[in-house]
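Below are the chains, spelled out letter by letter.
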Amino acid sequence: MLHLRGLATAASSNGSIPINLIRTSLILSRIPIVTPEVSEFDAKFYNYQEELEKRLMWTFPKWFYFKKGTVAEKEFTKIQKYPIPAHRGVWFPKGVPELKHGRDRRFKQEVTLANKVSEGDSQDLENVSRPITPNSRITEADKTNDETSLERKLPRTLYLLVKQDGKWKFPTFQVKDDQVALNEVAESGLRELGGDKINTWSVSGTPAAVIKYSNGEIVDEGHEGVVREYLMKSHIVAGQFVPEGLEYKWLAKEEVEGVVDPKYYEKVGYLLSN
Amino acid sequence: MFSRLARRQLPAVRQLQQARLKRSKAGLNPDAQRVVTQLSVMSAGRKMPKMLKLCNEDYVKHKTIMKAWSVRRKEQIREEEEVLKKQYEGMKEASEDLKRVNERLFELSNRHEYGKRFPLELRVPTEYPARQVWYYDYVRKREE
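Just so we're clear, the structure is a prediction, and the values are computed from it rather than from any experiment.

So, how was this worked out
- Residues numbered from 1 in each chain as written.
- Chains lettered and ligands numbered in written order.
- Predicted model: local features only at pLDDT ≥ 70, side-chain atom pairs only at ≥ 80, totals over all residues.
- Heavy atoms only, no water.
- Core = buried A, V, L, I, M, F, W, Y, C linked by side-chain atoms within 4.5 Å.
- Buried < 20%, exposed > 50% of the residue type's maximum accessible area, 1.4 Å probe, protein only.
- Contact = heavy atoms within 4.5 Å.
- Buried area = accessible area lost by both parts, 1.4 Å probe.
- Salt bridge = Lys/Arg side-chain N within 4 Å of Asp/Glu carboxyl O.
- Polar contact = N/O pair within 3.5 Å; in protein donor to acceptor, adjacent residues only side chain to side chain.
- Helix = DSSP H or I, 4+ residues; strand = E, 2+ residues; numbered from the N terminus.
- Nonpolar A, V, L, I, M, F, W, Y, C, P; charged D, E, K, R; others polar.
- UniProt positions renumbered as here; feature names shortened; annotations may be inferred.
- 1 Å grid on protein atoms, 1.4 Å probe; cavity = no way out; pocket = protein on both sides within 12 Å on 5 of 7 lines; lining within 4 Å.
- Points joined across faces, edges and corners; volume = space filled by probe spheres on them.
- Domains from an automatic or database assignment.
- Pairing = 2+ DSSP bridges.
- pLDDT = per-residue confidence, 0-100.

Student: So what exactly am I meant to see when it comes to the nonpolar core here?
Tutor: Nonpolar side chains in soluble globular proteins generally cluster together in the buried interior. Core analysis: the biggest nonpolar cluster contains 60 residues, and F170, L231, F241, W250 and Y264 of chain A have the highest contact counts within it. Non-local contacts of Y264 of chain A, meaning those with residues more than four positions away in its chain, are made with S25, K169, F170, I211, Y213, I218, E229 and L231 of chain A.

Have a look at this one:
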């Protein structure tokens, strides 16, 4: 709705192409809040490496961390599970143990630490010694599948899509004159749409890509009267996008693919992160 | 003469026995003992695990795992490089197009942004989210 400006109001440009054919689009992203999900294969490989590392690790030097004869040393020694030493005349089905410093050299060493149970309610913020329970990586917005929420899909990068002219796309704005940089036009346009209670960080003034339209269709080559959309990148830092009477969604890459026009996705898909 | 000989030899014998029985660490003063402890932490003596000897089957398994991992990593790196290349081509195309379309906008887009810094408010991803996942109550700074 914003980029439908009459031809008569177009400012003159010094280029060969009139300024009313230039638009700017804003790819506004919310960066991941939690670490990415680890795939099953990755998790298994990391586990294998960890076990190998533990097997090849030197024996834990207890005497360095616990002074002999102290209470801490006695408590630590008490909760360790020591392997059975070798005995003459005893048959060990898994081989004769080789103990050094209380560790069977043939296997990894299991060091158990005193598990001090914290008292109280984990939600009681006044209690300093409350037990620590991590917050869920799956939020309320994930459960209700609220696509307008910034709190959904925490391990993924989300992108802002709006419905302009009946089509889902990145918010697009008309360039009115050539005295304002493209990213500034896009940033101020975003605030006109969704209020100024939003903090964004514009990545660069240079465009990330260009999409050319001829009669509303995406074309590869520029002809006469081609409308150009320059895509600018930006990150949302704080605040939120609350437009009036405009549909919007925060979507991850594969959801963007499902919502936008396939031709449009072909032009922007590589700009989005997995 | 014998007694003199015995007197001369006896201390030597006793010293030898003491040297074998007495532990050298026992007599160390605390500072020296601390140094010995610290060195023992860094040295491999008596702390090394047994050498890992894999049977043929385990060795084949290990090789398969490592190969699978390297194949996957290579594929990931190739995909990332492809995307980066595409993004670079996209930027280049857009910039060249902008230069042809509007010289003034091109100049504006390429001006140096003095004092531009990465925002400190953008947080590094953590294992679990904070109690307040997103900061909504942002109020724009008044420009003077």
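Student: Can you walk me through the interface of chain A and chain B in this structure?
Tutor: Size of an interface: often given as the accessible area lost when the parts come together. Each side of the interface is counted separately: chain A has 80 residues, and chain B has 62 residues. When the buried surface of chain A facing chain B is broken down by residue, W58, W201 and Y270 of chain A rank first, second and third, together holding 11% of it. Scanning the region where chain A abuts chain B turns up 6 salt bridges. Of the charged contacts, one joins D97 of chain B and K212 of chain A as a salt bridge, the two residues approaching to 3.6 Å between their closest N and O atoms. Linking chain A with chain B are 25 residue pairs in polar contact (both at pLDDT 80 or more), by the criterion used here. Those elements that place two or more of their residues in the side of chain A that touches chain B are strand 1 (22-30), helix 1 (40-55), helix 2 (62-65), helix 5 (182-194), strand 7 (198-202), strand 8 (209-214) and strand 10 (227-239) of chain A. Residues belonging to the side of chain A that touches chain B are distributed by class as follows: 39 nonpolar, 22 polar and 19 charged.

Student: How do you make sense of the UniProt feature "domain: Large ribosomal subunit protein mL46 N-terminal" (unreviewed entry) in chain A when you look at a structure like this?
Tutor: The UniProt record marks residues 22-142 of chain A with the feature "domain: Large ribosomal subunit protein mL46 N-terminal" (unreviewed entry), using the residue numbering of this structure. Across residues 22-142 of chain A one finds 26% helix and 11% strand; the C-alpha atoms that close the span lie 38 Å apart.

Student: What is the right way to look at the layout of surface pockets in this model?
Tutor: Vacant regions in the atomic arrangement are exposed by a probe of water-molecule size rolled over the atoms. Within this model, the largest pocket holds a volume of roughly 1,400 Å³. Of all elements in the fold, only helix 2, helix 3 (71-79) and strand 3 (103-104) of chain A together with helix 2 (30-42) of chain B reach the threshold of two or more residues within the lining of the largest pocket. In terms of residues, the lining of the largest pocket owes the most to one element, helix 2 of chain B, which gives 7 residues. Residues that form the lining of the largest pocket fall into these classes: 14 nonpolar, 11 polar and 15 charged. Taken as a whole, the second largest pocket spans an internal volume of roughly 1,100 Å³. Along the wall of the second largest pocket there are 37 residues; nearest its centre are R156, L272, S273 and N274 of chain A together with E80 of chain B. In terms of residues, the lining of the second largest pocket owes the most to one element, helix 3 (residues 56-101) of chain B, which gives 11 residues. The class makeup of the residues in the lining of the second largest pocket is 16 nonpolar, 10 polar and 11 charged. No fewer than three residues from each of domain 1 (19-34 + 140-271) and domain 2 (37-136) of chain A sit in the lining of the second largest pocket.

Student: It is not clear to me how the pairing of strand 8 of chain A should be interpreted in this structure. Could you clarify?
Tutor: Consecutive side chains of a regular strand alternate in pointing toward one face of the sheet and then the other. Residues and elements named next belong to chain A. For strand 8, the buried fraction is high: 6 of the 6 residues fall into the buried class. Pairing of strand 8 with strand 10 involves 5 bridges; the strand directions are antiparallel. Following the sheet pairing, K212 is matched in strand 10 by R228. With 3 bridges joining them, strand 8 and strand 9 (residues 217-219) adopt antiparallel strand pairing.

Student: Just checking my understanding: could you explain the confidence of the model for chain A for this structure?
Tutor: Where the model shows low pLDDT, its predicted coordinates should not be examined in detail. Residue and element names in this part refer to chain A. Of the residues in chain A, 93% have a pLDDT of 70 or more, and the chain-wide mean is 88. The least confident element of chain A, judged by mean pLDDT, is strand 9 at 86; the most confident is helix 1 at 96. Across residues 1-14, confidence stays below pLDDT 50; counting only partners more than four residues off in sequence or on other chains, it has 30 contacts.

Student: How do you make sense of the UniProt feature "coiled-coil region" (unreviewed entry) in chain B when you look at a structure like this?
Tutor: Following the UniProt record, the feature "coiled-coil region" (unreviewed entry) maps to residues 74-111 of chain B here. The span residues 74-111 of chain B is 92% helix and 0% strand, and its two end C-alpha atoms sit 38 Å from each other.

Student: Quick question: what am I supposed to make of the pattern of salt bridges here?
Tutor: Pairs can form between side chains of opposite charge whenever their charged atoms are close. Taken as a whole, this structure holds 30 salt bridges over all chains when the rule is applied. For E40 of chain A, the salt bridge is made with K44 of chain A, and the minimal N-O distance between the two is 3.4 Å. In this pair, E40 of chain A and K44 of chain A are both assigned in helix 1, 4 residues apart and thus about one turn of the helix distant. Note on accessibility: E40 of chain A and K44 of chain A belong to one class, exposed. The shortest N-O distance in the salt bridge between K267 of chain A and D220 of chain A comes to 2.7 Å. Here D220 of chain A lies in the loop between strand 9 and strand 10 and K267 of chain A lies in helix 7 (residues 262-268), a separation of 47 residues in the sequence. Exposure remark for D220 of chain A: the relative accessible area of 53% places this residue in the exposed category. Each of K212 and R228 of chain A together with D97 and R100 of chain B takes part in one network of salt bridges that share partners.

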